[in-house]
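# Close look at the chain arrangement
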Amino acid sequence: MTSQSRPPLLGVDGLVVQYRRPGAAPTRAVGGVSLEVRSGEVVGLVGESGCGKSTLARAVCGLTPAEEGRITFDGTPVRPLNVRRRDPALTAVQMVFQDPYGSLNPRRRVGAQIVDGIRAAAGRGETDGPRTPEEYLSRVGLPESDAQRYPHEFSGGQRQRIAIARALAARPRLLVGDEPISALDASAQLHVATLMRSLALESGAGLLFISHDLSVVRHIADRIAVMYLGRIVETGPAAELWDSPRHPYTQALLASIPQPDGAGVLPAELPGDVPDPSAPPSGCHFHPRCPHAFDGCDREEPRLTSGGVACHLHPAA
Amino acid sequence: MTTTETTATGKAVEVLRIDGLTLDLPAEHGAHRILHGIDLALRPGRIHGLAGESGSGKTMTGLAVLGLLPDGARTGGRIRLDGTDLLTLPPRQLGALRGRAVSMVFQDPSTSLHPMLSIGHQLTDHLRHHRKLDRKAARARAVELLGQVRIPNPAAALRSYPHQFSGGMRQRIAIAIALACDPQVLIADEPTTALDVTVQAGVLRLLRRLCDELGLAVLLITHDLGVMSALADSVSVMRRGRVVETGPRGQVLTAPRHEYTRTLLDALPGRNTP
Ligand SMILES: Nc1ncnc2c1ncn2[C@@H]1O[C@H](COP(=O)(O)OP(=O)(O)OP(=O)(O)O)[C@@H](O)[C@H]1O
Ligand SMILES: Nc1ncnc2c1ncn2[C@@H]1O[C@H](COP(=O)(O)OP(=O)(O)OP(=O)(O)O)[C@@H](O)[C@H]1O
Ligand SMILES: [Mg+2]
Ligand SMILES: [Mg+2]
């Protein structure tokens, strides 16, 4: 679809992000990640709680500084910015934060916050979208009269829809959604996820979609990247990865999805301890919990092959 | 209807019973009715699931049990914990029950965690206050609780502040705080939305074990029908401030009687995708 010679919309190359604490080893939340999102593409990012997904998302939006590596948007480096004085060009990158309670301004009406997005788009010369906050609210399934209300008057799922409406109003070229629909019921999830996907398809924007809901990711992503303790362990076309996962962590993940069949079966847990990013296991980070680990997995870090898997069971051809 | 089936044997063992709960919240012009008469019952060792449309009143139902409704809220009906009506209990007595007899994992993580206090402070304070543990015993219990919810390096975690954890880690710490004082009743409002499926499996197993071993009664609010199916013994479905359907898990999830429940099940990705 997209010409390979053009730079990707979002390019992440060898990104390392650390959190420092006095008197302790730094937390290496992102430990060397490379990732691309092209225009019109939806990339799903999944992985264990605490593996570094939100950190990666914030770095992409320039909200957390990188220790090493490079992030480019449209070929231009993204530099960490002072949040108060965001470069207007960067309103082309919008993030829907994981916590819908913390990200909306409690003292301003919902409509006014969506108008901010519409103005940002207008400031970049993007004027072909809806002009009123009411239109964006109804797109995400909320009544138009909600524009007059304050964030605290809404339920968890309603707040997530507001946050999405605000991000869509800015007509982003790259939308980073960090668990944007985790509080919605199944029918609303499908509706809003499809809405976000059509943004990518219709206006050629890119979407980086972080979610724990694997079936929603399977449904809307073109490509899925699986992260484990700061690294991408597998990536590939959504259907392929879903049908034939190769990395043992991806296999464990897909096997633990609880089924809504009414049978009362508790899903399988991963054996072993959740690792600590300030003291990561040697070699392959997954080896202490891997059912297939063999001699050497504890010593050598597997690299992500061109085939899209980082595992000694699947060496590069 | 299922409540009547079990009444003969079940009535004596109901630990929490909600009858005809109504809720009005102040609105621009007068009041707005949010809950239109909710009936629910929780039994020791059992998990009752509550699903339903976004904005249907699931969180408000949970908050009503704890007496933590927004300012200006007006309630009707009864919420009885072991026979005591919580809706008419003086605030001080209700406060004493909160966290000890009844506790809640809040959908909004900032309700559970104070941003300026270390995790250790928040967990041990709770234990020392409610359980009268000394400093050392409280610390040991805090480390045990964090380990149970799979927080790596619990001892170091006690010295950290909420913002130093990921969204899912904060959610698990909130679960640890809610479980700290071995409550009789746990209201868990979307307790695993920020968790991946393998870590989620651990939390679901923990809740099931606490029910089986300690007789904990749980109201599990979740929109995730997979989680509902794995954990709930019985299920109610809410819509627009009303319970539209209640029944055993297997029946509600495989042979729903209400139109809306069927819509929810049909919307699951994978059911209607090619
Ligand atoms: N402080 C408030 N003032 C007025 N209305 C409110 C307030 N808080 C919530 N509401 C309204 O009460 C209704 C019920 O909200 P509640 O939070 O119980 O929904 P919910 O079922 O938990 O939804 P979700 O699944 O999205 O969390 C919603 O329609 C919401 O708009
Ligand atoms: N501000 C911070 N200071 C110190 N450590 C942090 C900070 N933010 C995150 N961390 C740590 O970095 C790691 C990765 O966190 P991150 O929020 O990126 O995870 P995540 O993949 O988004 O997890 P979840 O799925 O639970 O939201 C965690 O170990 C967390 O404790
Ligand atoms: Mg996160
Ligand atoms: Mg809620």
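Cut-offs and rules
Residues numbered from 1 in each chain as written. Chains lettered and ligands numbered in written order. Predicted model: local features only at pLDDT ≥ 70, side-chain atom pairs only at ≥ 80, totals over all residues. Heavy atoms only, no water. Near = heavy atom within 4 Å. Polar contact = N/O pair within 3.5 Å; in protein donor to acceptor, adjacent residues only side chain to side chain. Areas by Shrake-Rupley, 256 points an atom, 1.4 Å probe, with all protein chains shown as cover. Helix = DSSP H or I, 4+ residues; strand = E, 2+ residues; numbered from the N terminus. pLDDT = per-residue confidence, 0-100. Contact = heavy atoms within 4.5 Å. Pairing = 2+ DSSP bridges. Axes fitted to C-alpha atoms, helices over the stretch in contact; angles between N-to-C directions. Donors = N, O, S within 2.8 Å, 3.2 Å for Na, K, Ca; no water. Buried area = accessible area lost by both parts, 1.4 Å probe. Salt bridge = Lys/Arg side-chain N within 4 Å of Asp/Glu carboxyl O.

## Points about the site of ligand 2
The full set close to ligand 2 counts 23 residues, and S49(A), G50(A), T55(A), S166(B) and G168(B) are the nearest of them. More than one chain lines the surroundings of ligand 2; the residues nearby belong to chains A and B. Between ligand 2 and S49(A) there is a distance of 2.7 Å, counted from an oxygen atom to a side-chain nitrogen or oxygen. In the environment of ligand 2, an oxygen atom lies 2.7 Å from a nitrogen or oxygen atom belonging to the side chain of S54(A). Expressed as a share of its isolated accessible area of 630 Å², the protein-covered part of ligand 2 is 91%. Elements supplying a minimum of two residues to the shell around ligand 2: β2 (27-37) and α1 (53-60) of chain A together with α8 (167-179) of chain B. Per-element tally for the shell around ligand 2: the top contributor is α1(A), with four residues.

## As for the confidence of the model for chain B
All names here are of chain B. For chain B, per-residue confidence averages 91 on the pLDDT scale, and 93% of positions sit at 70 or higher. This stretch, residues 1-11, has a pLDDT under 50; its non-local contacts, to residues over four places away or in other chains, come to six contacts. As scored by the predictor, the complex reaches a pTM of 0.93 and an ipTM of 0.92.

## Thoughts on the sheet that holds strand β8 (residues 206-210) of chain A
Residue and element names in this part refer to chain A. Pairing is mixed in the open sheet, where six strands are placed in the order β6-β7-β8-β3-β9-β10. The sheet is open, and its two borders are formed by β6 (93-96) and β10 (231-237), each paired with just one other strand. Strand-to-strand twist across the sheet, computed as the mean angle between neighbouring axes with direction ignored, equals 15 degrees. Of the strands in this sheet, β6 and β7 (174-178) touch helix α5 (residues 156-169), which is tilted by about 180 degrees from β6. Running at roughly 105 degrees to strand β9 (residues 223-228), helix α9 (residues 248-255) makes contact with β3 (42-47), β9 and β10 of the sheet.

## Digging into the coordination of the magnesium ion (ligand 4)
Those donors, T59(B) (OG1) and Q107(B) (OE1), are the protein atoms that reach the magnesium ion (ligand 4), and they lie 2.0 to 2.1 Å from it. On the criterion of sequence distance, the pair formed by T59(B) in helix α2 (residues 58-66) and Q107(B) in the loop between β6 (102-105) and α4 (109-112) is long-range, its members being 48 residues apart.

## Section: the interface of chain B and chain A
If you look at the interface, chain B gives 50 residues, while chain A gives 48 residues. Buried surface at the junction of chain B and chain A, summed over both partners, amounts to about 3900 Å²; 58% is from carbon and sulfur atoms. Taken together, the connections running from chain B to chain A amount to one salt bridge. Of the charged contacts, one joins E269(A) and R150(B) as a salt bridge, the two residues approaching to 2.2 Å between their closest N and O atoms.

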